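# Residue-level structure breakdown
Residues per chain, in single letters:
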Amino acid sequence: MNYRYIILMLLFLFAQKLAAQNSMADILKHIETNNLSIQSAKLQSEANSIQAKTGLLPENPTITYGYFPGNSPIMGVKELYTINQSLEFPTKYFSKFKLAGTNQEQSKTSFLLDRMNVLLHAKKLLCDYIYVSQSLLMISDRKENAETLLTLYEKQLQAGQVSIIAFNKIQSLYLLLYAKYEKTKQLQNDLQSELNSINGGKELDLDGLKYNSGEISSLDDLKKQYQSKHPELMLISLKLKSAAYDESIQKQEWLPDILLSYQSEFEPSGNYQGLQAGISIPLWHQSKKVQAAKANKLYIGSHLKENETRLIDELDRKYTKAESLKELIDTLEKSLSTTSNRMYLDKALESGEFSIIDYINELSFNYELIDLYLETQRIYYKLLAEIYSINL
């Protein structure tokens, strides 16, 4: 019993350093391929990208035909053919094409943001699954140990060697661990089901799953990465760029539209053919639109600064918390890998140095230390998942 416990402890403490059947990166690739939300977001991105390229060419030409009989036989019939084409001022088409290109980039970046959020949620669930699986391993060992003690004390109770109080204490401990094991097992099953659902309903093989590397980059490097590649900031930057193009287009709406026409007129006395040109004069239609576009651009610029400040501040807080958690994990890991009170507690119980109540109390403290280590690991790796979400 003692040696098996030590082996379990060593395996669980250094599990992240051993090869696993499944890596988190591989599982996230499966989820990216199968997730229905990501598939839907990709289709939406493609649709929006195509939509951004519509409406960039001139309006369709119009062709009209007129048939005008005279009010006397002498006048005959007059026929009129007309082809009309309206054109916006040429520079507006150039600005619209630029706006369309930026809107296409927005569609792609919006998809990247949706994808990142789905994969971040999945990765945090995987961290929960690892934590629950490790806890289940520890609880299983504790339950088996309590069951062994319960069997031993039941025999000793029948032989009159221990009191009913000591036996009841062991029995209560076993029942508590049994209930905790069943509850943790159910939680593991729930997490498996939720991850399968995120994987498009397909079963994920999570055996041997381990945390990724726990190393963390420098804060300055992370800030630069956030400013240059965080999808949320990239999306707002592109919206700001689109707003600038829109403001330019609204200013150009004050330029006249061009109207071209070709006409053919056939009369009994002769035919007339020729071109006609004109311009539209924008007097009232564009009122206040430039001011509105400018105000929208200023708002988006302010929104970009606000979100950049928020994300960098959140990164600062998370980074500081991660450093503290890493320090605590290293301390706990060193303590758990160099000391094992369980061996001495078992010997003290067998020799009569400890009563069963003292044994359980001391053992509970050792268990709490292990549980603290596992819980701290979970919080740390979920925090790392948030910090490095831009790399998903």
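Each chain has its residues counted from 1, following the order in which its sequence is written. In keeping with the predicted nature of the model, local features appear solely for residues at pLDDT of at least 70, side-chain atom pairs appear and are counted solely at 80 or more, and the whole-chain, interface and lining totals rest on all residues. Neither water nor hydrogens contribute to the side-chain values; these are computed over all heavy atoms in the structure.

### Regarding the overall build of the protein
Each helix corresponds to a stretch of at least 4 residues labelled H or I by DSSP, and each strand to a stretch of at least 2 residues labelled E; elements are numbered beginning at the N terminus. Counting secondary structure elements, the protein contains 10 helices and 4 strands. Each helix (α) and strand (β) of the protein, taken in turn from the N terminus, gives the series α-α-α-β-β-α-α-α-α-β-β-α-α-α. For the protein, the residues scored as buried account for 38% of the 392 residues in total. Only heavy atoms enter the contact rule, under which two residues are in contact if any of them lie within 4.5 Å. In the protein, of all internal contacts separated by at least 6 residues, the share reaching a separation of at least 24 is 82%. All accessibility values rest on the Shrake-Rupley procedure with a 1.4 Å probe; residue burial counts only the protein chains present in the view. Carbon together with sulfur atoms contributes 56% to the accessible area of the protein, which is approximately 22600 Å² in total. Here the term buried applies to any residue with accessible area under 20% of the maximum for its type, exposed to any over 50%, and partly exposed to those in between, with areas from a 1.4 Å probe on protein chains only.

### Examining the sheet that holds strand β3 (residues 258-267)
When DSSP finds two or more bridges between two strands, those strands count as paired. On the basis of which strands lie adjacent, the open sheet formed by 4 strands has the order β1-β2-β3-β4 and antiparallel pairing. A strand with exactly one partner marks an edge of an open sheet, and here the two such strands are β1 (62-69) and β4 (270-279). With strand direction ignored, the average angle separating the axes of adjacent strands in the sheet is 15 degrees. Bridge analysis of β3 against β4 gives 10 bridges, and the strand direction is antiparallel. Following the sheet pairing, Glu267 is matched in β4 by Gly270. Fitted lines through C-alpha atoms give the axes, limited to the stretch in contact for helices. The angle between two N-to-C directions lies from 0 to 180 degrees.

### Things to note about the pattern of salt bridges
Pairing between side chains of opposite charge can happen when their charged atoms approach one another. One side-chain nitrogen of Lys or Arg within 4 Å of one carboxyl oxygen of Asp or Glu is enough to make a salt bridge. Counted by the stated rule, this structure contains 20 salt bridges. Linking Arg115 and Glu32 is a salt bridge whose minimum nitrogen-to-oxygen distance equals 2.7 Å. Here Arg115 is found in helix α4 (residues 90-158), whereas its partner Glu32 is found in helix α2 (residues 24-34), with 83 residues between them in sequence. Classification of Arg115 as buried rests on a relative accessible area of 14%.

### Quick look at the packing of α4 against helix α7 (residues 231-252)
In the contact formed by α4 and α7, the axes pass within 9 Å of each other and the chain directions differ by 160 degrees. With respect to their mutual orientation, α4 and α7 come out roughly antiparallel. Read as a crossing pair, α4 and α7 show a hand that is left-handed. Across the contact of α4 with α7, the residue classes tally to 10 nonpolar, 10 polar and 7 charged. Orientation categories follow fixed angle ranges, with anything under 35 degrees roughly parallel, anything over 145 roughly antiparallel, 65 to 115 roughly perpendicular, and all other angles oblique. We call a crossing left-handed when the near helix sits turned anticlockwise from the far one by less than a right angle, and right-handed when that turn is clockwise. Side-chain classes follow a simple rule in which Ala, Val, Leu, Ile, Met, Phe, Trp, Tyr, Cys and Pro form the nonpolar group, Asp, Glu, Lys and Arg form the charged group, and the remainder, Gly included, forms the polar group.

### Quick look at the confidence of the model for the protein
pLDDT is defined as a per-residue confidence score from the predictor, taking values between 0 and 100. Considering every residue of the protein, the mean pLDDT works out to 86; 88% of them sit at 70 or more. Considering only residues more than four positions removed or in separate chains, one finds that residues 16-20, a stretch of pLDDT under 50, has 9 contacts.

### Quick word on helix α3 (residues 36-52)
Counted at 1.5 Å a residue, the expected span for α3 with its 17 residues is 24 Å, and the 24 Å between its end C-alpha atoms agrees. Considered for burial, the residues of α3 that qualify are Ile38, Ala41, Ser45, Ser49 and Ala52. Buried residues of α3 fall within an arc of 75 degrees about the axis and therefore sit on the same side. Turned more than 90 degrees away from the buried face of α3, the exposed residues are Leu36, Leu43, Ile50 and Gln51. On its buried face, α3 is in contact with α2 and α4. Among the residues of α3, the N-terminal cap falls to Asn35, whose side-chain oxygen and the backbone nitrogen of Ser37 are separated by 3.0 Å. Expected helix span is given by 1.5 Å per residue-to-residue step, counting one fewer step than there are residues. It is the directions from the helix axis to the C-beta atoms whose arc is reported. For the purposes of these results, a polar contact is taken to be a pair of N or O atoms within 3.5 Å, where, inside protein, one atom must be able to donate a hydrogen and its partner to accept one; residues adjacent in sequence count only when each atom of the pair is a side-chain atom.

### Observations regarding the packing of α4 against helix α5 (residues 164-198)
Where α4 meets α5, the axes come as close as 7 Å, and the angle between the chain directions of the two elements is 155 degrees. The angle between α4 and α5 places the two elements in the roughly antiparallel class. Here α4 runs over α5; the crossing is left-handed. Its residues assigned to classes, the contact of α4 with α5 shows 25 nonpolar, 8 polar and 8 charged.

### With respect to a nonpolar patch on the surface
Surface patches are drawn from residues lacking salt bridges whose relative accessible area is over 30%; two like charges belong together within 9 Å, two nonpolar side chains (Val, Leu, Ile, Met, Phe, Trp, Tyr) within 5 Å. A cluster of nonpolar side chains, namely Ile63, Ile83, Tyr262 and Leu275, defines an oily patch on the protein surface of about 450 Å² accessible area. Counting through the fold element by element, Ile83 comes out in strand β2 (residues 77-87).

### Side note on the nonpolar core
Take the buried residues of types Ala, Val, Leu, Ile, Met, Phe, Trp, Tyr and Cys, join any two whose side-chain atoms come within 4.5 Å, and each joined set is a nonpolar core. If you look at the biggest cluster of nonpolar residues, it comprises 51 residues, and the most contacted ones within it are Ile31, Leu126, Leu206, Leu209 and Ile387. The set of elements that each furnish at least two residues to this core consists of α2, α3, α4, α5, α6 (219-229), α7, α8 (289-338) and α10 (356-387). If you tally residues by element for this core, the top one is α4, at 12 residues. One finds Ala146, Leu149, Val162 and Tyr174 within the second-largest nonpolar core, a separate group that totals 11 residues.

### Overview of the packing of aromatic side chains
Between the rings of Phe, Tyr and Trp (Trp by its six-membered ring), a pair exists once the centres lie within 6.5 Å; its type follows the angle of the planes, with under 30 degrees stacked, over 60 edge-to-face, and the other angles tilted. Under the definition given, this model contains 5 aromatic pairs. Taking the centre distance of 4.9 Å and the plane angle of 45 degrees together, the rings of Tyr65 and Tyr81 count as tilted. One end of the pair, Tyr65, is in strand β1; the other, Tyr81, is in strand β2, and 16 residues separate them in sequence. Tyr65 sits in the partly exposed class, given a relative accessible area of 45%. Judged by its relative accessible area of 37%, Tyr81 falls in the partly exposed class. Pairing Tyr380 with Tyr381 gives two aromatic rings, centres 5.2 Å apart and planes at 75 degrees, and the pair type is edge-to-face. With respect to class, Tyr380 is no different from Tyr381; both count as buried. We call a charge positioned above a ring when the Lys NZ or Arg CZ atom is no farther than 6 Å from the ring centre and deviates by at most 35 degrees from the ring normal. Over the aromatic face of Tyr181 sits the side chain of Lys143, whose NZ or CZ is 5.0 Å from the ring centroid.

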